[in-house]
Amino acid sequence: MAVVCRKAKEQDLDSLYLLIQSYAEKGIMLPRSKEMLKYSLDSFVIAEEDGRLLGCGSLCQLGKDLVEIRSLGVAEDCKGRGIGRRLVDYLLQEAGEKKIPKVMALTYEVAFFEKMGFTVVPKDIFPEKVWTDCIHCKKQHCCDEIAVLRRLD
């Protein structure tokens, strides 16, 4: 069976939590509690194959013209299969359908996002992000993630 990208459902919650937790334990993704994931489940997309969750990502609205791709991850044994690209394509299409012209991400995988048409930008051009999430992050004053932006207009 082929890899399918779709909106997350409640039955994906445990697998989604485990995938995000595996990244959070490495310090490369913010941890999300199951309760937090359940609350924001409608913003998540998953990639699955034969009923197995292979990857995930979400789209978070930061302003009327800006969304963030967050919690983007692929199971370790599934990397290199184009799953991340498919998830980002799905999220970009969703942003386009909502007529949101700017999509940003904070990432350690700059080359991946550049291949997807994003450009590196200064983090401080996103006060919406800084005041909603960064103020709660333990890396707030020593953030080593790179901001990337893609304009859809």
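Residues numbered from 1 in each chain as written. Predicted model: local features only at pLDDT ≥ 70, side-chain atom pairs only at ≥ 80, totals over all residues. Heavy atoms only, no water.

Asks: Residues and numbers for the sheet that holds strand β3 (residues 52-63), please.
Replies: What the seven strands build is an open sheet, ordered β1-β2-β3-β4-β5-β7-β6; its pairing is mixed. Two strands lie at the open edges of the sheet, namely β1 (4-7) and β6 (119-121), each paired on one side alone. Going from strand to strand, the sheet's axes swing by 30° on average, the running direction of each strand aside. Note: strand β5 (residues 102-107) against strand β7 (residues 146-151), six bridges, orientation antiparallel. Bridging from a neighbouring strand, M104 pairs with L149 of β7. Here helix α1 (residues 13-25) sits on the sheet and contacts β2 (44-49), β3 and β4 (66-74); the angle it forms with β3, its principal contact strand, is near 80°. Packing of helix α3 (residues 83-97) onto the sheet brings it into contact with β1, β2, β3, β4, β5 and β7, and relative to β3 it is tilted by some 35°. (Pairing = 2+ DSSP bridges. Helix = DSSP H or I, 4+ residues; strand = E, 2+ residues; numbered from the N terminus. Axes fitted to C-alpha atoms, helices over the stretch in contact; angles between N-to-C directions. Contact = heavy atoms within 4.5 Å.)

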